[in-house]
Amino acid sequence: QVQLVESGGGLVQTGDSLRLSCAASTASGRTSSSYAMGWFRQAPGREREFVAAISWRGRTTVYADSMKGRFTISRDNAKNTVYLQMNSLKPEDTAVYYCAAAPTVTREEGGYAYWGQGTPVTVSS
């Protein structure tokens, strides 16, 4: 089983940037890089929403339209870490952000087998 831990969230102002990190590990202390990874978010009163995903080699990335041009997903397999660079943040981006692992790139929640506990992001005006 894969354990995922998000970090990097916090309180920022409109227009600011944040970089979220997701560290992956196994019970043995080592994690295979052969997982596609995704980021989701859930705002108060809303359903969980797909943000972005990246293939296991990092060659393919997929983004939700609502994050167009502002968010960038990347990964460093040597560090077993996935990143989400968020620029030009808006109050509408306020949510708990989750990372997840899947066998292949997908936008669907059901495609992800492992989930982190989430890191909160609050964007004020």
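Residues numbered from 1 in each chain as written. Predicted model: local features only at pLDDT ≥ 70, side-chain atom pairs only at ≥ 80, totals over all residues. Heavy atoms only, no water.

## Section: the pattern of salt bridges
Any two side chains of opposite charge can pair, on the condition that their charged atoms come close.
1) Next: Across all of its chains, the model carries three salt bridges by this definition.
2) Next: Residue R41 is joined to E49 by a salt bridge in which the shortest nitrogen-to-oxygen separation is 2.9 Å.
3) Next: Residues D93 and R70 are paired through a salt bridge, measuring 2.8 Å at the closest nitrogen-oxygen approach. Residue D93 is found in the loop between strand 8 (81–86) and strand 9 (95–102), and its partner R70 is found in the loop between strand 6 (61–63) and strand 7 (71–76); the two are separated by 23 residues along the sequence.
4) Next: According to the relative accessible area criterion, R70 is buried, its value standing at 11%. (Salt bridge = Lys/Arg side-chain N within 4 Å of Asp/Glu carboxyl O. Helix = DSSP H or I, 4+ residues; strand = E, 2+ residues; numbered from the N terminus. Buried < 20%, exposed > 50% of the residue type's maximum accessible area, 1.4 Å probe, protein only.)

## What about the state of the cysteines?
1) Next: A complete count under the given rule lists one disulfide for this structure.
2) Next: The disulfide that involves C22 links it to C99, with 1.9 Å between the sulfurs. Here the disulfide of C22 and C99 is right-handed, its torsion about the S-S bond being about 55°. Taken as a pair, C22 in strand 3 (residues 18–26) and C99 in strand 9 lie far apart in primary sequence, 77 residues in all. C99 carries the same exposure label as C22, and that label is buried. (Disulfide = S-S within 2.5 Å.)

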